[in-house]
Amino acid sequence: MPPEYSHPFTNLIEDMICQIELPQQTLITAEGQKIFKRGMDKANEYRGDPDILWEALNFFQQSNSLSLFYIGAAYVHFVGSYEENITYHRDGLQVAQLWLERARELTPEAKELLIVQAYVDIHSQDDTAVHSHLTHLRRIAPHDFYALTAYLDYYAVKQDLERMTATYKETLPLAKTITRRAYLQNRVGRYYLMFRKFDKSLEVYRDLAKLTPADPWMWHNMSVIYMTKKKLMAAWRCNKKALQIMDFENAQIIRAKIHGTLIRGAIGYGLVVVFWLVLLWQYRGVIFK
């Protein structure tokens, strides 16, 4: 029995891993690396449905490398531990580190290990380790999509908007599939929102809506932006789409805020109308003389 953690998804992912037959060989092949990247792509489709994480784990198992499976298990924990903005639950990050340590004993120089380790270290805010891993990645994988998105995360965590934007522009041409483009734009849209660059965030999300119209979190984030910009009907439409796709607490909170604002506005408008009617009644003799 795996240990119990406070984060429910950490326990769920560990239970999933226990159900998978581990690969027997350590060797990492070129074919195994391709399958591993497909597993990363699948994990990045995760929007709250644990079946997506299960499918990702099966891709990592099919890489036929014990080391790649360990790295993939760490990545699934990383993805599953996401909370909001740049925040990840500590349980998921800690367990991801344990799986990476197992992989490091087998293949310490694997590119995949360095990429996932960079993600985990960045969001654990382990600056000493991050600099080492990112420098190494720049040297061995300067044009790797996932290596560059690790840099993107790093600049977002460091609140370096200029370098984050530059990295986004560098990475976008490498996002050659819908899944990777959606993954990249989801992160960038979210980070622009975090930086309160609402127009830039909306620009990214509108482009993303053409690729992944069934992403509830995208519509939710757009509703948040429109609420902030006081465009209530646009916020209401986006919120409605989000809740039609998936009923979740964050969207319900925004719906309540939209309804509350609309009701207060209607009451305020009604009071103004009543005020003028009373005024007209009081001065009817003067006005209609």
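Residues numbered from 1 in each chain as written. Predicted model: local features only at pLDDT ≥ 70, side-chain atom pairs only at ≥ 80, totals over all residues. Heavy atoms only, no water.

Observations concerning the confidence of the model for the protein
- On average, residues of the protein carry a pLDDT of 90, and 90% of them reach 70 or more.
- Between the elements of the protein, mean pLDDT differs from a low of 47, seen in helix H15 (residues 284–287), to a high of 98, seen in helix H4 (residues 66–80).
- Overall, residues 271–279 carries pLDDT values under 50, and its contacts beyond four positions in sequence, including any with other chains, amount to zero contacts.
- Every residue in residues 285–289 is under pLDDT 50, and counting partners more than four places away or in other chains gives two contacts. (pLDDT = per-residue confidence, 0-100. Helix = DSSP H or I, 4+ residues; strand = E, 2+ residues; numbered from the N terminus. Contact = heavy atoms within 4.5 Å.)

Let's talk about H4
- End to end, H4 covers 21 Å across 15 residues, agreeing with the expected 21 Å (1.5 Å per residue, within 8%).
- When you tally the buried positions in H4, you get 15 out of 15 residues, the bulk of the element. (Expected span 1.5 Å × (residues − 1). Buried < 20%, exposed > 50% of the residue type's maximum accessible area, 1.4 Å probe, protein only.)

A short note on the packing of helix H8 (residues 145–157) against helix H9 (residues 161–171)
- Closest axis-to-axis distance for the H8/H9 pair is 8 Å, and the angle between their directions is 165°. By the angle class used here, H8 and H9 are roughly antiparallel. Seen along the crossing, H8 lies across H9 with a hand that is left-handed. Where H8 abuts H9, its residues Phe 145, Leu 148, Thr 149, Tyr 151, Leu 152, Tyr 155 and Ala 156 lie against Arg 163, Met 164, Thr 167, Tyr 168, Glu 170 and Thr 171.
- Taken together, the residues of the contact of H8 with H9 break down into eight nonpolar, three polar and two charged. (Axes fitted to C-alpha atoms, helices over the stretch in contact; angles between N-to-C directions. Parallel < 35°, antiparallel > 145°, perpendicular 65-115°, else oblique. Left-handed = near helix turned anticlockwise from the far one by under 90°. Nonpolar A, V, L, I, M, F, W, Y, C, P; charged D, E, K, R; others polar.)

What about the pattern of salt bridges?
- The final tally for this structure, using the stated rule, is twelve salt bridges.
- Its salt-bridge partner being Asp 127, residue Lys 158 comes within 2.8 Å of it at the nearest N-O pair. One end of the pair, Lys 158, is in the loop between H8 and H9; the other, Asp 127, is in helix H7 (residues 127–140), and 31 residues separate them in sequence.
- Between Arg 181 and Asp 207 there is a salt bridge, with the nearest N and O atoms lying 3.2 Å from each other. Highlighted residues: Arg 181 in helix H10 (residues 178–194) and Asp 207 in helix H11 (residues 198–211), separated in sequence by 26 residues.
- Take Arg 181: its relative accessible area is 25%, and that puts it in the partly exposed class.
- The class for Asp 207 is partly exposed, based on a relative accessible area of 25%. (Salt bridge = Lys/Arg side-chain N within 4 Å of Asp/Glu carboxyl O.)

Considerations on the packing of aromatic side chains
- Enumeration over the complete set of coordinates arrives at 14 aromatic pairs.
- Measuring from ring centre to ring centre gives 4.5 Å for Phe 78 and Tyr 88, while their planes differ by 10°; the resulting arrangement is stacked. With Phe 78 in helix H4 and Tyr 88 in strand E2 (residues 87–88), the pair connects residues that are ten residues apart, well separated along the chain. For the pair shown, Phe 78 and Tyr 88 are each scored as buried.
- Ring geometry for Tyr 146 and Tyr 183: centres 5.7 Å apart, planes at 55°, overall tilted. Taken together, the residues Tyr 146 in helix H8 and Tyr 183 in helix H10 connect sequence positions 37 residues apart. The burial state of Tyr 146 is the same as that of Tyr 183; both residues are buried.
- Aromatic ring contacts, followed pair by pair, group Tyr 75, Phe 78, Tyr 82, Tyr 88 and Tyr 119 into a single cluster.
- Here the guanidinium or amino end of Arg 102 rests over the ring plane of Trp 99, the centre of that ring lying 4.1 Å away. (Phe/Tyr/Trp six-rings, centres within 6.5 Å; stacked < 30°, edge-to-face > 60°. Lys NZ or Arg CZ within 6 Å of the ring centre and 35° of its normal.)

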